[in-house]
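Residue-level structural notes
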Amino acid sequence: MPQGNVPASHLTGDKSAICDKSMRLTRAKKLKIERQDIFSEINAASADVWRECCDLMDRYQWQRGYGHAHMDFYIGEDCEGWMDKQLNKSQPLHSQSIQAVRASYFKSWRSYSVLKKTGGIKNPKPPNKRKQYRTTQWKKSAITFIESGLFGKRVILSMGRGRSRLDIKLPKSFDMSTSHLIATIELVYDYGQWELHFTYVETIVSPASGNGIMGVDIGEVHPMVCFDGQGVLIFNGRYIRSLYRLRNKVLAEFSHTISGCERHSKRWWKLTRRKWKRIRRIDNQIRDCLHKHTRKFLDQCKLKGIGTIVVGDLTGIRDNIGYGKKANQKLHQWPFAKLIAMITDKAKALGIKVKSINEAYTSQTCPKCSNRKKPTHREYKCKCGFAYHRDGVGAINIRQKYLGCLGVPVVADMAPPLGFRLEAPVALA
Ligand SMILES: [Zn+2]
């Protein structure tokens, strides 16, 4: 196989260097808990901190002569320091929980200004929306776990000096031996259910990975199509697509019925609750599907000794495509970012790197004769006689581009692509 001007580092990975490296791995876990009256008060207090941040930001900008709603505003260190001094510390929360809200406020500002600069999204909104409730976070030092014969397993969350602490019962199955790994706990209200979200941080020695390179084309028809240098594997997205169709259908049906009743009436609430229950179930199924796909994909990577996964850079994909209303709705719903985040997380645990490259021309270049031509159908056909699965061509070229030899002929003849498909459970069909 001709490799062209392949950078040496891509081919000769130094394995021992990878083995010695330790890394931090973050995992999240959810736990449903019984409702306590104080929960909504706590999350309302967190929302108050956020609101105060917004108000202070308005004042900061007004004092410095910026226009309305900080649309073109850049925040610097100075602003954070100023707000730190102004912030009212009397909220009924642990000081670190207050700090966490403030930190996430500035994080949103920073990502807003990045979006504004790069233009990743059209008209990004500054984070100045006031809400009634907000998730509350506790840091490690505010968390205590206790276990006693009489009261069972419990977690105690500190609410700040002089206030009574929050006492939450944990299920018998809760693994106390890993509790020292918990870095943060969040109190989350999710569609009528209270939950604790735990974040575990582990330091592990990163496992050795091979030095193979996998090119992945992420797309709407097929969530992932990948090429490892030998063969193409296609992940079929039909089931996920059918779930999205079902989601749209359910939403449309409910909004039709709901629009017929008086807002906030008994029937309105009943239907709204039922609607979100259905939608949540479908969302869970979609997430489950994505997990199965990415798990299978990473298993393949491990099996084939892959050290680097290359994905096409998808920022801006939603703006560039104008296939009409229907296709746009499809694209807007496709969870590209979620999929890439899942791949990245799972790859990290295996010591595999994930790189993204610009996708330009990867779907148009013929892998056999390097002629450039836009494919018009699902099948890529070149005048040299090469015909192959369209997204398969994309995956081959993404890998080639990463290796620095896009346009260098890769293959004479490709084996037909293999497929992986999730079947719909009978109840859904
Ligand atoms: Zn060709």
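Residues numbered from 1 in each chain as written. Predicted model: local features only at pLDDT ≥ 70, side-chain atom pairs only at ≥ 80, totals over all residues. Heavy atoms only, no water.

**Observations regarding the pattern of salt bridges**
Under the defined criterion, the tally for this structure stands at 14 salt bridges. A salt bridge links Asp167 to Arg154; its shortest N-O distance comes to 2.6 Å. Here Arg154 lies in strand 4 (residues 152-157) and Asp167 lies in strand 5 (residues 166-169), a separation of 13 residues in the sequence. The exposure class of Asp167 is partly exposed, given its relative accessible area of 32%. One salt bridge connects Arg247 with Asp283, and the closest N-O pair in it is separated by 2.7 Å. Of the two residues, Arg247 is situated in helix 6 (residues 238-259) and Asp283 in helix 7 (residues 266-303); the sequence distance between them amounts to 36 residues. When its relative accessible area of 24% is taken as the criterion, Asp283 is described as partly exposed. Linked through salt bridges whose partners overlap, the residues forming this network are Glu80, Asp84, Arg102 and Arg110. (Salt bridge = Lys/Arg side-chain N within 4 Å of Asp/Glu carboxyl O. Helix = DSSP H or I, 4+ residues; strand = E, 2+ residues; numbered from the N terminus. Buried < 20%, exposed > 50% of the residue type's maximum accessible area, 1.4 Å probe, protein only.)

**Observations regarding the coordination of the zinc ion**
Taken together, the protein donors to the zinc ion comprise Cys366 (SG), Cys369 (SG), Cys382 (SG) and Cys384 (SG), at separations of 2.2 to 2.4 Å. Because the angles between the four donor atoms bound to the zinc ion fall within 106 to 116 degrees, the donor set is best described as tetrahedral. Sequence spacing of the donor residues for the zinc ion, all on one chain, is C-x2-C-x12-C-x1-C. (Donors = N, O, S within 2.8 Å, 3.2 Å for Na, K, Ca; no water. Tetrahedral: all angles 85-135°; square planar, octahedral: opposite > 155°, others 65-115°.)

**A word on the sheet that holds strand 12 (residues 353-357)**
Here six strands make up an open sheet; going across it, the order is 12-11-8-9-10-15 and the pairing mixed. The sheet is open, and its two borders are formed by strand 12 and strand 15 (418-420), each paired with just one other strand. Neighbour-to-neighbour, the strand axes of the sheet open up by a mean angle of 25 degrees, direction not taken into account. The pairing of strand 8 (residues 212-218) with strand 11 (residues 306-312) spans five bridges and is classified as parallel. Bridge pairing links Gly215 to Val310 in strand 11. (Pairing = 2+ DSSP bridges. Axes fitted to C-alpha atoms, helices over the stretch in contact; angles between N-to-C directions.)

**Digging into helix 6**
With 22 residues, helix 6 ought to run about 32 Å at 1.5 Å a step, and its terminal C-alpha atoms sit 31 Å apart, in line with that. All of the buried residues in helix 6 are Tyr239, Ile240, Leu243, Tyr244, Arg247, Val250, Phe254 and Ile258. What you see down the axis of helix 6 is that its buried residues fit within an arc of 140 degrees, all on one side. Across from the buried face of helix 6, at angles greater than 90 degrees, the exposed residues are Arg245, Lys249, His256 and Ser259. (Expected span 1.5 Å × (residues − 1). Arc of directions from axis to C-beta.)

**Side note on unusual backbone geometry**
Of note, the phi angle at His264 is positive, near 65 degrees, even though the residue is not glycine. For His264, the position within the fold is in the loop between helix 6 and helix 7. Not every positive phi belongs to a glycine, and Ser370 is a case in point at roughly 60 degrees. As for its position among the elements, Ser370 is in the loop between strand 12 and strand 13 (379-381).

**Considering the pairing of strand 4**
A large share of strand 4 lies buried, amounting to five of its six residues. Judged from the six bridges that link them, strand 3 (residues 143-148) and strand 4 form a sheet pairing that is antiparallel. Directly across from Phe145, in strand 4, lies its bridge partner Val155. Linking strand 3 to strand 4, which pair antiparallel, is a turn of three residues. With four bridges joining them, strand 4 and strand 5 adopt antiparallel strand pairing. Bridging across to strand 5, Ile156 finds its partner in Asp167.

Note that every value here comes from positions in space, so none of it alone points to a role or purpose.
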